[in-house]
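Residue-level structure breakdown
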Amino acid sequence: MALPVLSTYRLQLRGEASGFAFTFADAENLLDYLDDLGVSHLYLSPILTAARGSNHGYDVTDPTTVSAELGGPDGLASLSAAAAERGIGLIVDIVPNHVGIDDPQQNAWWWDVLRHGRDSRYAAFFDIDWDLDDDGRIVLPILGSDDDVADLKVDGEQLRLGDLTLPIAPGTGVGTGPEVHDRQHYRMIGWRNGVCGYRRFFSITSLAGLRQEDRAVFDASHAEVARWFAEALVDGVRIDHPDGLSDPCGYLARLRELVGPDPWIVIEKILAVDEALEPTLPVAGTTGYDALRQAGGVFVDPAGEPALTALVDSAGMDYRSMPKLLAELKIRAATDTLASELARLRRAVAAAAGTDHPLLPEAIAALLTHVGVYRSDYPGLVALLPTALAETQAQSPRLGPALEVLATALAHDGAQGGAQGGEPATRLQQLCGAVTAKAVEDCLFYRDARLVSLNEVGGEPHRFGVGLAEFHHSAAVRAKLWPQAMTTLTTHDTKRGEDVRARIGVLSQVPSLWTEFLARWEVQAPSPDPATGQFLWQNIFGVWPAGGQVTDELRERLHAYAEKAIREAAWHTSWHDPDATFEDAVHGWLDTVLDGPVAGQLTELVAKLNPHAASDALGQKLLALTMPGVPDIYQGTELWDDSLVDPDNRRAVDYAARRAALKELKHPKIRVVTTALRVRRAHPETFLRGGYAPVLADGEASEHVVAFRRGEDIVVAVTRWTVRLAETGWGNTVLPLPDGTWKDALTGAVADGPTSAAQLFADLPVALLGRHHD
């Protein structure tokens with residue numbers, strides 16, 4: 001009998017070759033702590049064999065085996081059994097969309113395809129463009145330049161170039177390296193050509209897409225997953241990026257059939273703010289980016305929007321032009337970064353329509369700027385694409401004939417390809433998701449400097465926070481439709497940890513103060529570029545230590561983050577074409593900040609605002625732990641966490657400190673976490689199937705309270721916008737508790753009826769009330 005999933009605790013596993021190990025055995029050693037914390041399930045990062053030294057596991061090289069680096073099948077079995085003894089279950093992250101091919105020798109399927117070409121038993125496993133090369137070879141954009149072919153060496157049955165090794169087809173190994181290369185089933189070219197002979201994960205050449213729509217591929221890549229459920233080793237799975245698949249609906253239906261009706265399935269589905277999850281999917285819900293936006297968004301003060309907009313405009317940005325910038329970034333992603341995918345889609349469209357059009361690539365790129373979701377072919381979204389076609393035609397009438405060619409291909413496609421359509425429809429949707437990811441999460445969110453805590457996966461920073469009406473309504477809908485969807489605040493993919501976002505969010509309450517400090521800092525340590533500076537200043541403030549100690553570790557982390565941020569923004573430098581002069585200027589500026597008078601002023605500002613940041617961090621944490629859904633605690637976030645984007649958020653966690661904190665229960669965050677988890681464990685029906693109803697505060701400071709009831713026996717209340725509250729006080733504000741007597745699980749205080757907010761929040765800015773029976 002599978003254990004009900006009441007909460008999860010995410011662990012990032014990794015082998016010794018990654019720099020430091022965290023294996024099944026290490027997870028097993030944590031079980032007593034996690035049990036005491038109140039966790040119902042461990043939620044493991046991918047555990048199938050990945051590229052050697054991987055620090056994340058998403059570059060799976062052998063989907064048929066459990067990673068030996070992590071402990072292999074015996075280690076998994078031991079962890080599962082030890083967890084079950086404590087009443088803890090396992091959830092495992094799986095990656096159906098792609099496999100790692102950076103070192104072809106490590107991936108037996110890919111190696112065989114390179115060796116035998118179309119005759120390989122695995123040729124149909126990968127989405128290979130066999131028509132791209134005139135000789136039907138797989139085009140591999142893995143060289144620094146085309147000229148590197150001249151340096152290839154024959155080494156037995158392999159071709160070598162430095163550390164790169166590729167197989168030689170039987171009977172073709174005689175001659176020089178370049179001569180042998182010309183006889184292979186693949187053709188290596190320079191990566192700057194912008195051409196790739198297989199579907200990738202977004203634009204990552206080292207990750208090759210799998211054709212899960214082929215039943216043989218599904219069966220082969222899920223045989224090990226099936227074993228886990230057959231042997232009752234795990235209770236559920238998290239599905240990485242199903243939107244990248246040819247047919248997400250079909251895949252999830254097959255997965256549900258494979259694992260059975262009961263196991264918990266959640267999907268990494270990034271929903272637009274106005275997009276509903278497809279209700280027919282056989283899953284418990286998403287991994288919670290929508291809940292993350294809502295739980296954090298209610299702490300953003302809308303009163304700060306005008307001043308912060310004016311501040312970012314002063315750096316030459318013109319925030320009103322952000323929709324235009326996004327459209328430009330999408331077009332660039334489609335026509336440049338993903339040019340190979342766009343060209344392949346064009347060929348598929350022309351073949352299906354029976355004609356081509358010179359403006360077809362431009363028309364497709366323009367069309368995608370009018371599609372605000374990752375993909376629009378879920379049954380509930382059928383109106384999106386025709387609407388986007390109409391908007392594109394209205395905006396650019398000259399693209400009308402090319403759009404007609406596309407529509408013709410999609411119509412032929414739909415008639416022949418069933419519910420999901422055929423190749424043009426599928427490739428259009430896969431390109432749409434990749435374009436969205438590259439333009440939004442991987443670029444725009446590194447340019448938008450108005451309030452960077454809003455620049456989160458699944459977020460829409462042009463919406464300045466979340467109103468309580470939206471929050472309550474969304475929570476009520478989730479309670480009815482998706483009560484077992486995951487809720488989270490931090491993941492391995494978030495741009496900033498939850499506590500960093502909470503601190504940055506406080507700037508919405510003090511925009512004038514922030515503007516004043518920023519102006520002073522720009523005089524003392526002028527940033528190389530005003531817009532870049534405004535973005536980085538907020539992140540520096542977000543992670544600045546309360547005590548002001550600039551350690552070597554902090555320095556290294558901030559330099560690494562700054563380099564990633566400016567390359568992702570791709571304003572003055574990029575991953576493909578780094579500008580050493582600009583990057584050196586940014587690094588020099590950062591050292592000036594760390595070593596000069598600004599450091600002391602940062603410490604001063606953090607000291608002033610940190611109590612408000614801590615209040616918001618506790619508030620959003622309690623909301624995420626008690627709102628409808630199944631909460632996930634990302635490793636280590638039961639204490640304050642100052643992580644930035646990966647790989648910063650995958651650092652080793654100090655569990656000795658967390659064990660001590662759990663024992664003492666003095667740290668406010670771990671106190672909130674463990675109390676909420678234990679209350680969830682004591683009231684499973686309330687949190688899994690109980691209803692949701694807002695509880696509205698009354699009085700002068702009522703807008704500073706977020707409160708709701710779960711079922712009939714739990715009331716949650718948190719404080720927000722505490723900067724202004726500190727000036728005005730609670731006054732006559734009360735929270736009208738439902739009939740009966742209520743006891744705060746955090747403080748032990750007992751209350752009934754209309755309760756003074758000052759009394760309710762006397763010890764902590766949050767309250768978790770349960771019905772009290774004398």
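Further up the page is the structure itself.
Residues numbered from 1 in each chain as written. Predicted model: local features only at pLDDT ≥ 70, side-chain atom pairs only at ≥ 80, totals over all residues. Heavy atoms only, no water.

**Examining the pairing of strand β23 (residues 750-756)**
- With six bridges joining them, strand β22 (residues 734-744) and β23 adopt antiparallel strand pairing. Counterpart to Pro736 in the pairing with β23 is Pro754.
- Here β22 folds back onto β23, and the loop between the two strands holds five residues, one of which, Gly748, carries a positive phi near 85 degrees. (Pairing = 2+ DSSP bridges. Helix = DSSP H or I, 4+ residues; strand = E, 2+ residues; numbered from the N terminus.)

**Here we look at the sheet that holds strand β18 (residues 630-634)**
- Taken in spatial order, the eight strands of this open sheet run β16-β15-β14-β5-β2-β1-β18-β17, and their pairing is parallel. Looking at strand neighbours, the two that pair on one side only are β16 (285-286) and β17 (486-487), the edges of this open sheet.
- Relative to strand β14 (residues 236-239), strand β5 (residues 89-94) is paired through four bridges, and the arrangement is parallel. Residue Ile94 lies in a different strand from β14, and its bridge partner there is Ile239.

**Points about the sheet that holds strand β24 (residues 766-771)**
- The sheet built from six strands is open, its strands ordered β19-β20-β21-β24-β22-β23 with antiparallel pairing. The strands lining the two open edges of the sheet, one partner per strand, are β19 (692-694) and β23. Recorded for the sheet is a direction-independent mean angle of 25 degrees between the axes of neighbouring strands.
- Those strands touched by helix α16 (residues 468-481) are β19 and β20 (705-710), and its axis lies near 165 degrees from that of β19.
- Along the sheet, helix α22 (residues 597-626) contacts β20, β21 (714-719) and β24; its crossing angle with β21, the most-contacted strand, is approximately 155 degrees. (Axes fitted to C-alpha atoms, helices over the stretch in contact; angles between N-to-C directions. Contact = heavy atoms within 4.5 Å.)

**What to know about the packing of helix α23 (residues 655-664) against helix α24 (residues 668-682)**
- Close contact between α23 and α24 brings their axes to 9 Å; oriented N to C, the two are set at 70 degrees. It follows from the interaxial angle that α23 and α24 lie roughly perpendicular. Contacts from Arg658, Ala661 and Leu662 of α23 reach α24 at Ile670, Thr674 and Arg678.
- Its residues assigned to classes, the contact of α23 with α24 comprises three nonpolar, one polar and two charged. (Parallel < 35°, antiparallel > 145°, perpendicular 65-115°, else oblique. Nonpolar A, V, L, I, M, F, W, Y, C, P; charged D, E, K, R; others polar.)

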